[in-house]
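# Breakdown of the fold
Here is what each chain is made of, one letter per residue.
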Amino acid sequence: MINIIGLGYIGLPTALMFASHGCEVVGTDYNHELVATLNAGHATFEEKGLDELFEKALAGGIRFSTEYQKTDLYIIAVPTPYDNDSKKIDPSYMVSAVKSVMEVCPKGAVLVIESTISPGTIDKFVRPVVTEAGFTIGEDLHLVHAPERIIPGNMVYELEYNSRTIGADDPAVGEKVKEAYATFCKGEIVVTDIRTAEMTKVVENTFRDINIAFANELAKICRSDNMDVYEIIRIANKHPRVNILSPGPGVGGHCISVDPWFLVGDYPMLAKLILCARTTNDSMPDFVLERIRTVMKEEGLTDLTRVGFYGLTYKENVDDVRESPTLQMLESMERHLAGGLVKVYDPWVKRDLVPNQYHNFDAFLNDVDMVVILVGHSELREHMEKLQDKVVLDTRHICFLPGTHRL
Ligand code: SAJ
């Protein structure tokens, strides 16, 4: 039996995937309400293919509980935020999960950490907890790091087809865990040591952050001298060895905007480019606010109350608002006493999160003269003509109506 701990964006789909491929699975989470919702047969977030996967997993006998189980394979997928001041990882959720596993696990069990962690976290925070609990690592308990790679919006497909990394102290244990993941994973599974697996995962997300920062910096350069950044990137990307990502209103989500900080926090004297990329991406919400002011002036608009932000999530077609550029913009506006003026709409966010939030696209459009596109949800792409009589500032390069303003 596999006990998967932490039933959030990563733990839940992983648990469902194992269960729908013939494995006995118990999902554990300390949140009673979440466990009750799952036991009632409902997924706790929206994701393409998740409901169908849930049904298969239920047929496969998956169970959810707030209790840790006695078994021989544990997978921990709890949040690993970073401390805002030190920029270092905050391992508290992970350490607490490991301690709880130690209270129930039999000798010889394998403990897999899936959560993204900074290089050295297992040495620094996990090994001492295991040893203090009286286990001898490598004999009574085996440690493995198997970071996930799935992208929100396409998680179910990517769980099955992405390649993966398994880091283990003991290659034989690594092979055993590889076999477990191979029940559903059709991608290549590379077995390596723990430190390499930790570092590789953080490097992958940092690479993407730096690439996006380059695109964002190009957008600023091009804006300053009236060049079309999108056309320049489109043509440059025809070079066989160039692949520049897209500029945007900022980098949100819980991965790309977080993981590079682990390297900055741990290697402040060395991680210079990484810090610069982070700072560039974090400057984008304010850059967009500046663009709004310029466009309003150009269009002769004077009243911020008639401006609408389309999109609250951190990217298109997901319901996740963590580190979302829109929220950062609203916070920044609040600091400058202009918060609460603009109107906000996101078809994926059903809860009331911010002032002046609309839940109906047409009602939102009725109340605004200018629309700032901050997220490229499919709903908007399919109904772009509705923006025809609006002033549009498009930060995602998805609107091609005449007169559209860009980043
Ligand atoms: N973004 C841009 N321009 C781009 C691409 C993205 O501005 O060209 C923005 C998005 O709008 C969003 C942010 O960057 O705000 C991050 O979005 P994303 O789609 O790049 O990535 P995530 O955070 O949804 O998922 C990433 C993925 N990592 C990589 O592609 C290297 C995913 O594979 C990881 O599993 C995930 O992080 C994770 O959990 O680490």
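Structure shown above.
Everything numeric here is computed off the predicted structure, so don't read it as measured data. (Residues numbered from 1 in each chain as written. Predicted model: local features only at pLDDT ≥ 70, side-chain atom pairs only at ≥ 80, totals over all residues. Heavy atoms only, no water.)

## A closer look at the sheet that holds strand β2 (residues 25–28)
In any sheet, the strands associate via hydrogen bonds between backbone groups, in a parallel or an antiparallel arrangement. One open sheet accounts for eight strands, arranged β3-β2-β1-β4-β5-β6-β7-β8; its pairing is mixed. Single-partner strands in this sheet number two, and they are β3 (63–65) and β8 (189–192). On average, each strand axis in the sheet is tilted by 25° relative to the strand beside it, whichever way the strands run. Inspection of the sheet shows β2 paired to β3 by three bridges, in the parallel sense. In the strand pairing of β3, Gly 27 is matched with Phe 64. Relative to strand β6 (residues 141–145), helix α8 (residues 194–224) is tilted by about 25°, and along the sheet it contacts β6, β7 (164–168) and β8. (Pairing = 2+ DSSP bridges. Helix = DSSP H or I, 4+ residues; strand = E, 2+ residues; numbered from the N terminus. Axes fitted to C-alpha atoms, helices over the stretch in contact; angles between N-to-C directions. Contact = heavy atoms within 4.5 Å.)

## Points about the site of the ligand
With respect to spatial proximity, 20 residues lie near the ligand, and among them Arg 149, Ile 150, Lys 201, Arg 208 and Tyr 314 are the closest. A distance of 2.5 Å separates an oxygen atom of the ligand from a polar atom in the side chain of Arg 208. In isolation the ligand exposes 770 Å². Once the protein is present, 89% of that is buried. Residues that form the shell around the ligand fall into these classes: nine nonpolar, four polar and seven charged. (Near = heavy atom within 4 Å. Polar contact = N/O pair within 3.5 Å; in protein donor to acceptor, adjacent residues only side chain to side chain. Areas by Shrake-Rupley, 256 points an atom, 1.4 Å probe, with all protein chains shown as cover. Nonpolar A, V, L, I, M, F, W, Y, C, P; charged D, E, K, R; others polar.)

## Some thoughts on empty space enclosed by the protein
The final tally for this structure, using the stated rule, is two cavities of 30 Å³ or more. When its volume is computed, the largest cavity comes out at roughly 50 Å³. Contributing to the lining of the largest cavity are Pro 147, Glu 148, Arg 149, Ile 150, Glu 158, Leu 159, Asn 162, Ser 163, Arg 164 and Cys 185. Here the residues of the lining of the largest cavity are counted per class, giving four nonpolar, two polar and four charged. Quantified by volume, the second largest cavity comes out at close to 40 Å³. Looking at the lining of the second largest cavity, its residues break down into five nonpolar, no polar and four charged. (1 Å grid on protein atoms, 1.4 Å probe; cavity = no way out; pocket = protein on both sides within 12 Å on 5 of 7 lines; lining within 4 Å. Points joined across faces, edges and corners; volume = space filled by probe spheres on them.)

## Some thoughts on the pattern of salt bridges
According to the stated counting rule, one finds 18 salt bridges in the structure shown. Measuring nitrogen to oxygen at the nearest pair gives 3.4 Å for the salt bridge that ties Lys 201 to Glu 148. With Lys 201 in helix α8 and Glu 148 in the loop between β6 and α6 (155–161), this pair connects stretches of sequence that are 53 residues apart. Relative accessible area serves as the criterion here: at 6%, Glu 148 is assigned to the buried category. Among the ionic pairs, Asp 362 bridges to Lys 386, the shortest N-O distance being 2.9 Å. With a gap of 24 residues between them, Asp 362 in helix α14 (residues 361–366) and Lys 386 in the loop between α15 (378–382) and β13 (391–394) connect regions that are remote in the sequence. (Salt bridge = Lys/Arg side-chain N within 4 Å of Asp/Glu carboxyl O. Buried < 20%, exposed > 50% of the residue type's maximum accessible area, 1.4 Å probe, protein only.)

## Let's talk about the sheet that holds strand β14 (residues 405–406)
Reading across from one edge, β11-β10-β9-β12-β13-β14 is the order of the six strands in this open sheet, with parallel pairing throughout. Two strands lie at the open edges of the sheet, namely β11 (357–358) and β14, each paired on one side alone. Sheet topology places β13 next to β14; two bridges connect them, and they run parallel. Looking at β14, one finds that Asp 394 is bridged to Arg 406.

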